[in-house]
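# Residue-level structure breakdown
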Amino acid sequence: MKFTETDRLLFAGDSITDSSRDRDDPASLGKGYVREIADRLRGGPEVINKGLNGNRIYDLEARWTTDVLALRPTVLTVKIGINDTWRTFDRGLPSPAGKFRAAYTRLLASARQNLPAELYVITPFLLPVEPEQDEWVADLAPRIEAAIDVATEFGARLVRADLFMPRAAAEHGAAALAPDGVHPSPLGHRLLAEAWLAAAGVPVTEISRP
């Protein structure tokens with residue numbers, strides 16, 4: 001996909017997308033994969049970061065109209081789901097798989113109905129670094145499946161973080177990719193950015209580092 005100055009790329013999700021952006025500055029992109037993507041596309045499209053720390057899918061749905069639809073992106077990326085698992089275990093806030101899938105379906109259906117946007121879905125992932133996180137894996141699995149199915153249903157481009165992040169962790173160690181098992185390191189964010197750019201069809205020569 002060739003991006004131009006008329007394109008508006010919006011990334012919606014949780015803290016992995018947020019990545020310490022300045023909420024008082026609409027132009028702030030944070031320090032993570034969204035910033036990396038914008039840097040690689042410098043001089044091209046407008047990039048907007050609408051990640052928000054702690055969001056589950058229901059939180060994203062609550063702000064969908066104001067933070068996503070109202071901004072009229074031409075390219076929309078959604079990355080959500082890990083907090084639906086995390087909050088189940090640390091705060092006792094369950095997010096049943098069927099309810100999660102229904103909410104995800106509503107989000108992408110709304111995007112398809114209201115926006116002339118190319119859609120991208122980044123699957124949630126987990127790289128367990130603590131023993132207690134091993135039991136999170138089974139809870140996250142149906143959310144990954146839902147993200148894949150809903151993306152396919154609505155013709156979104158898929159970025160399979162649930163596949164390439166564990167492969168990279170096997171090579172580098174989980175903590176090198178995500179020190180707490182969830183939030184990416186600089187290397188983890190670089191891998192997310194490069195996977196998104198590859199899904200977008202950006203030539204390899206444009207995404208490789210010197």
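Given the structure is predicted, the values throughout are model-derived calculations rather than measurements.

### Comments concerning the overall build of the protein chain
In terms of regular secondary structure, the protein chain is built from eleven helices and five strands. At 16 Å, the protein chain has a C-alpha radius of gyration in line with the 17 Å of a compact globule built from 210 residues. The C-alpha extent of the protein chain, read off along each of the three principal axes, is 45 × 40 × 35 Å. Sorting the 210 residues of the protein chain into buried and exposed places 52% on the buried side.

### So, the environment of phenylalanine 154
As for its position among the elements, phenylalanine 154 is in the loop between helix H7 (136-153) and strand S5 (157-159). Along the chain, phenylalanine 154 and alanine 111 lie 43 residues apart, while their C-alpha atoms are 9.3 Å from each other.

### Examining the sheet that holds strand S4 (residues 118-122)
On the basis of which strands lie adjacent, the open sheet formed by five strands has the order S2-S1-S3-S4-S5 and parallel pairing. The open sheet terminates on both sides in strands that have one partner only, identified here as strand S2 (46-51) and S5. With strand direction ignored, the average angle separating the axes of adjacent strands in the sheet is 15°. By the bridge criterion, six bridges tie strand S1 (residues 8-13) to S2 in an arrangement that is parallel. Each bridged residue has a counterpart across the sheet, and for glycine 13 the counterpart in S2 is glycine 51. Set on the sheet, helix H10 (residues 186-199) makes contact with S1, strand S3 (75-79), S4 and S5; between it and S5 the angle comes to about 155°.

### So, helix H2 (residues 33-40)
In terms of burial, H2 is a largely internal element, six of the eight residues being buried. All of the buried residues in H2 are Tyr33, Val34, Glu36, Ile37, Ala38 and Arg40.

### A short note on the pairing of S1
Counting buried positions along S1 yields five of six residues, so the element is predominantly enclosed. The pairing of S1 with S3 spans five bridges and is parallel. Directly across from leucine 9, in S3, lies its bridge partner valine 75.

### Focus: the environment of serine 28
Residue placement: serine 28 occurs in the loop between helix H1 (15-18) and H2. Leaving out residues up to four positions away in the same chain, serine 28 has contacts with Arg21, Asp22 and Asn49. From its side chain, serine 28 meets the backbone nitrogen of aspartate 22 in a polar contact 2.8 Å long.

### Observations regarding the side chain of serine 185
One can find serine 185 in the loop between helix H9 (174-177) and H10. Within the structure, serine 185 has its side chain in polar contact with the backbone oxygen of alanine 176 (distance 2.6 Å). What serine 185 contacts, discounting residues up to four positions off in sequence, is Ala176, Leu177, Ala178 and Pro179.

### Here's the deal with the packing of aromatic side chains
Counting across every chain of the model gives seven aromatic pairs. Ring centres 5.8 Å apart and planes at 80° place the aromatic pair phenylalanine 100 and tyrosine 104 in the edge-to-face group. Placement of both phenylalanine 100 and tyrosine 104 in helix H6 (residues 97-114) is noted, with a separation of four residues, approximately one turn of the helix. For the pair phenylalanine 100 and tyrosine 104, one class covers both residues: buried. Ring-pair connections join several aromatic residues into one group, and the members of that group are Phe3, Phe11, Tyr33, Tyr120 and Trp196. Its end group placed over the ring of tyrosine 58, lysine 99 keeps NZ or CZ at 5.0 Å from the ring centre.

### Describing a negative patch on the surface
On the surface, Glu130, Glu132, Asp134 and Glu135 cluster together to form a negatively charged patch. We classify glutamate 132 as partly exposed; its relative accessible area is 46%.

### Digging into the pairing of S3
Across the five residues of S3, five count as buried, placing the element largely inside the fold. Burial along S3 is two-sided: Val75, Thr77 and Lys79 and Leu76 and Val78, pointing in opposite directions, are all buried. Note: S3 against S4, five bridges, orientation parallel. What sits directly across from valine 75, in S4, is glutamate 118.

Each value, and the rule that gives it
Residues numbered from 1 in each chain as written. Predicted model: local features only at pLDDT ≥ 70, side-chain atom pairs only at ≥ 80, totals over all residues. Heavy atoms only, no water. Helix = DSSP H or I, 4+ residues; strand = E, 2+ residues; numbered from the N terminus. Rg over C-alpha atoms; globule rule 2.2 N^0.38 Å. Buried < 20%, exposed > 50% of the residue type's maximum accessible area, 1.4 Å probe, protein only. Pairing = 2+ DSSP bridges. Axes fitted to C-alpha atoms, helices over the stretch in contact; angles between N-to-C directions. Contact = heavy atoms within 4.5 Å. Polar contact = N/O pair within 3.5 Å; in protein donor to acceptor, adjacent residues only side chain to side chain. Phe/Tyr/Trp six-rings, centres within 6.5 Å; stacked < 30°, edge-to-face > 60°. Lys NZ or Arg CZ within 6 Å of the ring centre and 35° of its normal. Patch = residues over 30% accessible without salt bridge, like charges linked within 9 Å, V, L, I, M, F, W, Y side chains within 5 Å. Areas by Shrake-Rupley, 256 points an atom, 1.4 Å probe, with all protein chains shown as cover. Salt bridge = Lys/Arg side-chain N within 4 Å of Asp/Glu carboxyl O. Lys, Arg positive; Asp, Glu negative; His and termini not counted. Charge placed at Lys NZ, Arg CZ, Asp CG, Glu CD.

Worth remembering: the numbers are spatial, not functional.
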